[in-house]
Amino acid sequence: MALLHALATRTGSGALFVRSITDTFACEDKTRTTMIVVMKQQATDEMIHSVAARIESMGLKAHVIVGTERTVIAAIGEKRDGEQETLSSLEEVDKVVPILAPYKVASRETKSEPTVVRSHDLILGGGHVGVIAGPCSVESEEQILESARQVKLAGATGLRGGAFKPRTSPYSFQGLKEEGLKLLAAAREETGLAVVTEVMTPDHVSLVGNYADVLQIGARNMQNYHLLQAVGESDKPVLLKRGPSASIDEFLLAAEYILDQGNAQVVLCERGIRTFETHTRFTLPLATVPYLRQRTHLPIVIDPSHGTGVASLVSPMAVAAIAADCDGLIIEVHPNPAEALSDGAQSLTPAQFADTMIRCRLVAEALSRSI
Ligand code: PEP
Ligand code: MN
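Here is a short report on the structure shown in this document. Computed from a predicted structure; not experimentally measured.

**Quick word on the coordination of the manganese ion (ligand 2)**
Only Cys136 (SG), His306 (NE2), Glu332 (OE) and Asp343 (OD) from the protein reach the manganese ion (ligand 2) as donors, at distances of 2.0 to 2.4 Å. Read N to C, the donor residues that coordinate the manganese ion (ligand 2) are spaced as C-x169-H-x25-E-x10-D. Of this pair, His306 sits in helix H11 (residues 304–308) while Asp343 is found in the loop between strand E14 (328–332) and helix H13 (350–366), placing the two residues 37 residues apart along the sequence. Residue classification places His306 among the buried residues on the basis of a relative accessible area of 8%. Exposure remark for Asp343: the relative accessible area of 19% places this residue in the buried category.

This is the structure in C-alpha cells:
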C-alpha cells in the first residue's frame, strides 16, 4: 500500500491506474464521521456557540461556517452510535446531514455559496476574476519594482515572485530568501499590489507571513502535510497549487488539511499535470475548473505559465481559463524573459501581458464577470 502510494505520487502517466486503487483506500474510513449540523435560520451567536460546544463535548471537532442565510457547523471525528439523532434533537438545530465527499469543509455539500478571498485589491471568487502576475523569482530591486509597475499598469491586482525557490536542480538559483521578501514588500508599498509568494517549510511560515499577503504552497509541496497544517494556523490566505501527479480528490484533501486547522481562506490553483505529452512542460487540464466548481466552494485559479511552459501558449490558455469560468489567473511576467534566472521560457514580456489582459477582459465582460 505504501509502495503503491509512492508510485502514484512520484511517477507520471504509468501510475494512473495505481492511483485509482489508492484513492479507494484513502477515502474510505468507516470509523470516522462528518455531519453538517444546519442551524435554524434565526439562530443567535449564543445558540451557535452552545451547539458547537455540545459537538465538542461529544468528542467531535466543530467547524463553524457562517453563511449569508444560515450558519452550519461541520462535526468531524470518530463515529459513535446515536450522534446524528442527538444533534438533530437539539432545539436550535434544523437538520443534520451526513457528508459523503471525502473532503468535508471544502465540499459544496457543506457550503453552497462561493468563498471569496480578498487581500488589498485582489479579489478571487464570487464572480470576480483576480489576476496575479510577476516574475518566477525575485532577482533584484530593479527587476521586481519594474515588474510590479508594469503588471499593475496592465490591470493585475496581485504580484507574484518567489523568494524561496523550489528548484528541480540543487545547482539552480534558489532565490534571494528574506532579502527577496523585503523587495516584494517594497513593491507592495509602492504599487498597492497584494504579494503572493511561496513558503517551503513549516518553520518559514511566520517569516514569509511577515512580508506576504498570500502564502503560496508549491506543487512539489502539495502533500507536505506538516506544511499544510502550519499554513492552516496562519491568518494569511493560502494559494495551494495542485501536485503534478495528484488526483483532484488528493488536491481537495490537501486543501482540507489547511481548512481543518481553521484557515478558511484557501485558493485552489491548477498548474498542470504530468502526462505522456512532451510538447508542453505539463498538460493543463481546464476541465478542472468546472469540475472543481461543482465540488467545492473554494476559488479556482489557473496558472497557464507552469501549465504550458511556453510563453506563446500562455495568453490563449489564460483566455480559455476565463471562458471556463475560473476565479483568477497567476501569470509569470519578466521585464526581460531572456535574462530570467528561472522560467524565462514561459515568462511574458510586460507588453505581452498587457495584450493578454485586454483579451481576458473581453471574454470576462462577455460572460458578465468583472476582472
Ligand atoms: C512557481 O510558481 O514559480 C512554481 C515553482 O510553481 P509550481 O509550484 O506550480 O511548480
Ligand atoms: Mn516559476
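**Considering the environment of Leu159**
Its place among the elements puts Leu159 in strand E8 (residues 158–160). Classification of Leu159 by relative accessible area gives buried; the value is 0%. Contact partners of Leu159, with chain neighbours within four places excluded, come to Ile132, Ala133, Gly134, Ile144, Ala148, Val151, Leu184, Ala187, Leu193, Ala194, Val195 and Val196.

**A word on the nonpolar core**
Leu240, Leu329 and Phe353 are the most contacted members of the largest nonpolar core, which has 77 residues in total. It is helix H9 (residues 248–260) that contributes the most residues to this core, 7 residues altogether. Residues lining this core come from more than one domain, with at least three contributed by each of domain 1 (2–98) and domain 2 (117–366). Not counting residues within four places of it along the chain, the set of residues in contact with Leu240 comprises Ile217, Met222, Leu228, Phe251, Ala254, Ala255, Ile258, Val267, Leu268 and Cys269. Counting 17 residues, the second-largest nonpolar core is a separate cluster that includes Val37, Ala43, Ile48 and Leu87.

**Things to note about the packing of aromatic side chains**
In the structure shown here, the tally under the stated rule is 1 aromatic pair. Between the NZ or CZ atom of Arg271 and the centre of the ring of Phe282, over which it lies, the distance is 4.1 Å.

**What to know about helix H12 (residues 311–323)**
Among the residues of H12, those classed as buried are Ala311, Val314, Ser315, Ala318, Val319, Ala321 and Ile322. Buried positions along H12 lie against strand E13 (300–302), H11, E14 and H13. One or two residues past the end of H12 sits Asp325, with phi positive at roughly 80°.

**Here's the deal with the pairing of strand E2 (residues 61–66)**
Relative to strand E3 (residues 71–78), E2 runs antiparallel, the two being bridged by 6 bridges. Looking at E3, one finds that Val64 is bridged to Ile73. The loop that links E2 with its antiparallel partner E3 comprises 4 residues.

**As for the site of ligand 1**
Residues in close proximity to ligand 1 include Cys136, Arg160, Lys165, Gln216, Gly218, Ala219, Arg220, Lys241, Arg271, His306 and Glu332, which together make up its full environment. At a separation of 2.7 Å, an oxygen atom of ligand 1 approaches a polar backbone atom of Ala219. The protein chains hide 97% of the 300 Å² of surface that ligand 1 would expose on its own. Here the residues of the shell around ligand 1 are counted per class, giving 2 nonpolar, 3 polar and 6 charged.

**Thoughts on the packing of H9 against helix H10 (residues 288–295)**
As a packed pair, H9 and H10 sit with axes 12 Å apart at the nearest point and diverge in direction by 55°. Judged on the interaxial angle alone, H10 and H9 are oblique. The hand of the H9/H10 crossing is right-handed. Note on element contacts: H10 touches H9 through Thr288, Tyr291 and Leu292, opposite Ile248, Phe251 and Leu252. Taken together, the residues of the contact of H9 with H10 break down into 5 nonpolar, 1 polar and no charged.

**A word on the sheet that holds strand E1 (residues 32–39)**
Judged by pairing direction, the sheet is antiparallel, and its 4 strands sit side by side in the order E2-E3-E1-E4 without closing on themselves. This sheet does not close on itself; its edge strands, each paired only once, are E2 and strand E4 (93–98). Strand-to-strand, the axes of this sheet are offset by a mean angle of 20°, without reference to chain direction. Of the strand pairs in this sheet, E1 and E4 are connected by 5 bridges, and their pairing is antiparallel. Directly across from Val37, in E4, lies its bridge partner Val96. Its contacts with the sheet place helix H3 (residues 45–57) against E1, E2, E3 and E4, and it is angled at close to 155° to E2.

Thresholds applied
Residues numbered from 1 in each chain as written. Chains lettered and ligands numbered in written order. Predicted model: local features only at pLDDT ≥ 70, side-chain atom pairs only at ≥ 80, totals over all residues. Heavy atoms only, no water. Donors = N, O, S within 2.8 Å, 3.2 Å for Na, K, Ca; no water. Helix = DSSP H or I, 4+ residues; strand = E, 2+ residues; numbered from the N terminus. Buried < 20%, exposed > 50% of the residue type's maximum accessible area, 1.4 Å probe, protein only. Contact = heavy atoms within 4.5 Å. Core = buried A, V, L, I, M, F, W, Y, C linked by side-chain atoms within 4.5 Å. Domains from an automatic or database assignment. Phe/Tyr/Trp six-rings, centres within 6.5 Å; stacked < 30°, edge-to-face > 60°. Lys NZ or Arg CZ within 6 Å of the ring centre and 35° of its normal. Pairing = 2+ DSSP bridges. Near = heavy atom within 4 Å. Polar contact = N/O pair within 3.5 Å; in protein donor to acceptor, adjacent residues only side chain to side chain. Areas by Shrake-Rupley, 256 points an atom, 1.4 Å probe, with all protein chains shown as cover. Nonpolar A, V, L, I, M, F, W, Y, C, P; charged D, E, K, R; others polar. Axes fitted to C-alpha atoms, helices over the stretch in contact; angles between N-to-C directions. Parallel < 35°, antiparallel > 145°, perpendicular 65-115°, else oblique. Left-handed = near helix turned anticlockwise from the far one by under 90°.

Remember, this is a structural readout, not a statement about activity or role.
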